[in-house]
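Structural overview for review
The lines below spell out each chain.
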Amino acid sequence: MKYNEISHFNHPQHKLRFEYSEFPFKCDGCKEVGIGSRYKCSICDYDLHMHCAIPSPTLFHPFYTKCSFQFMSVPPGDTPRYCNACEKDVNGFVYHCKSCGFDLHPCCAKLPMVLDDGEVKLYLYRKVSSPCHRCGRKGRSWSYRSTCKNYNLHVACVREMLVENWHELYIGHSKGRKLETSIPGLKNTLMTSHNNNRRNKGKVKKCCEIAALAVQFVISAVLGDPTAIIAGIVGSLMSRS
């Protein structure tokens with residue numbers, strides 16, 4: 001559900017307005033990177049993912065059928081916590097299951113079970129038995145897997161790519177740098193597994209193109225806006241690097 005303007009408990013002094021931006025932002029709720037749809041206070045430069053701005057008080061996830069996740073504005077307890085979907089630290093808003101102790105970032109909790117742009121269809125799995133297209137390992141974290149089973153991508157690996165590349169982009173944009181100067185290695189990362197294959201160049205090229213398209217959609221989903229528009233923006237950034 002989308003509203004043009006909302007009041008939020010974490011920023012009561014001003015209303016937040018819905019906006020759509022191609023530039024990355026850091027969510028002041030979950031403390032993770034976002035792009036695309038957001039709620040923003042222009043006066044205070046305060047931003048929230050859609051999932052953080054309008055959270056569900058209680059959430060049930062098909063991967064954890066016995067769990068009831070409660071939305072919390074701060075992580076519970078005094079010990080560091082991590083997201084069970086992407087394995088990254090929890091530093092802000094979180095969905096927490098009191099009985100099992102599991103935690104999910106809001107954007108991870110709302111990851112689509114299927115990503116489909118008409119050419120590439122990806123399904124979300126808790127674990128897969130095939131290696132990740134990026135790291136080469138198997139059951140590390142939640143993964144998106146293509147229908148053809150040729151492409152697997154850990155949500156954890158996507159988070160790592162964002163840490164490696166999008167932090168540079170976010171900081172660079174805040175200092176007035178051009179958007180296209182960042183994200184140096186995403187596309188090259190996907191193509192390294194084929195570098196030694198000199199035969200069937202056309203087939204390899206098509207394989208890499210589909211893999212790059214797949215990772216665009218997974219990145220946009222992890223960023224909180226799994227739309228074709230945002231995936232296209234991510235793709236243009238990758239192609240410029």
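Please read these numbers as outputs of a predicted model, since none were measured by experiment.

Turning our attention to the packing of aromatic side chains. A complete count under the given rule lists nine aromatic pairs for this structure. Each ring, one from Tyr-64 and one from Phe-69, has its centre 5.8 Å from the other, and the planes form 70°; the classification is edge-to-face. A network of ring pairs unites the aromatic residues Phe-63, Tyr-64, Phe-69, Phe-102 and Trp-142 as a single cluster.

Right, let's get into the pattern of salt bridges. This model, assessed by the stated rule, comprises eight salt bridges. For the salt bridge of Lys-15 with Glu-5, the shortest nitrogen-to-oxygen distance reads 3.9 Å. Here the residue Lys-15 occupies a position in strand S2 (residues 11-26), and Glu-5 occupies one in strand S1 (residues 5-8), the gap between them amounting to ten residues. Residue Lys-15 is classed as partly exposed on the basis of its relative accessible area, which comes to 46%. The structure contains a network of salt bridges with shared partners spanning Glu-19, Arg-38, Lys-40, Asp-45 and Asp-47.

It is worth spelling out the sheet that holds strand S6 (residues 64-72) at this point. Spatial strand order, S5-S6-S7-S8: four strands in an open sheet with antiparallel pairing. Taken across any chain shown, the strands that pair with only one partner, and hence form the sheet edges, are strand S5 (58-61) and strand S8 (103-104). Relative to S8, strand S7 (residues 94-97) runs antiparallel, the two being bridged by two bridges. Each residue of the ladder has a partner; that of Tyr-95, found in S8, is Leu-104.

With antiparallel pairing, four strands are arranged side by side in an open sheet as S9-S10-S11-S12. Of all strands in the sheet, those bounded by a partner on one side alone are strand S9 (114-116) and strand S12 (152-154). Taking the axes of each pair of neighbouring strands and ignoring which way they run, one obtains an average angle of 20° across the sheet. Note that strand S10 (residues 121-125) and strand S11 (residues 143-146) share four bridges and pair antiparallel. Among the inter-strand pairings, Leu-124 is bridged to a residue of S11, identified as Tyr-144.

What follows deals with the pairing of S10. Burial along S10 is one-sided: the residues Leu-122 and Leu-124 are buried and none of Lys-121, Tyr-123 and Tyr-125 is. Sheet analysis places S9 next to S10, joined by three bridges and oriented antiparallel. Counted as the bridge partner of Leu-115 is Leu-122 from S10.

Here the protein chain shows a mean pLDDT of 79. Residues at 70 or above account for 72%. The spread of mean pLDDT over the elements of the protein chain runs between helix H4 (residues 186-191), the lowest at 42, and S7, the highest at 98. Across residues 175-200 the pLDDT falls below 50, and counting only partners more than four positions away or on other chains, this stretch makes 38 contacts in the model.

A few words now on the nonpolar core. As a rule of thumb, soluble globular proteins bury nonpolar side chains together. Within the largest apolar cluster, 56 residues are counted, with the highest numbers of intra-cluster contacts made by Leu-111 and Trp-142. With eight residues, the top contributor of residues to this core is helix H5 (residues 201-222).

As a further point, take the environment of Phe-60. For Phe-60, the location among the structural elements is in strand S5. A residue is classified by how much of its surface remains accessible, and Phe-60, at 62% relative accessible area, is exposed. Separated by 49 residues in the primary sequence, Phe-60 and Ala-109 place their C-alpha atoms 9.0 Å from one another. Not counting residues up to four positions away in its chain, the partners in contact with Phe-60 are Cys-67 and Ser-68.

Positive phi, normally seen in glycine, also occurs at Lys-31, with a value near 70°. As for its position among the elements, Lys-31 is in the loop between S2 and strand S3 (33-41). Of note, Glu-87 is a non-glycine position whose phi angle comes to about 70°, a positive value. On the basis of relative accessible area, Glu-87 is assigned to the partly exposed category, the value being 34%.

How each quantity is defined
- Residues numbered from 1 in each chain as written.
- Predicted model: local features only at pLDDT ≥ 70, side-chain atom pairs only at ≥ 80, totals over all residues.
- Heavy atoms only, no water.
- Phe/Tyr/Trp six-rings, centres within 6.5 Å; stacked < 30°, edge-to-face > 60°.
- Salt bridge = Lys/Arg side-chain N within 4 Å of Asp/Glu carboxyl O.
- Helix = DSSP H or I, 4+ residues; strand = E, 2+ residues; numbered from the N terminus.
- Buried < 20%, exposed > 50% of the residue type's maximum accessible area, 1.4 Å probe, protein only.
- Pairing = 2+ DSSP bridges.
- Axes fitted to C-alpha atoms, helices over the stretch in contact; angles between N-to-C directions.
- pLDDT = per-residue confidence, 0-100.
- Contact = heavy atoms within 4.5 Å.
- Core = buried A, V, L, I, M, F, W, Y, C linked by side-chain atoms within 4.5 Å.

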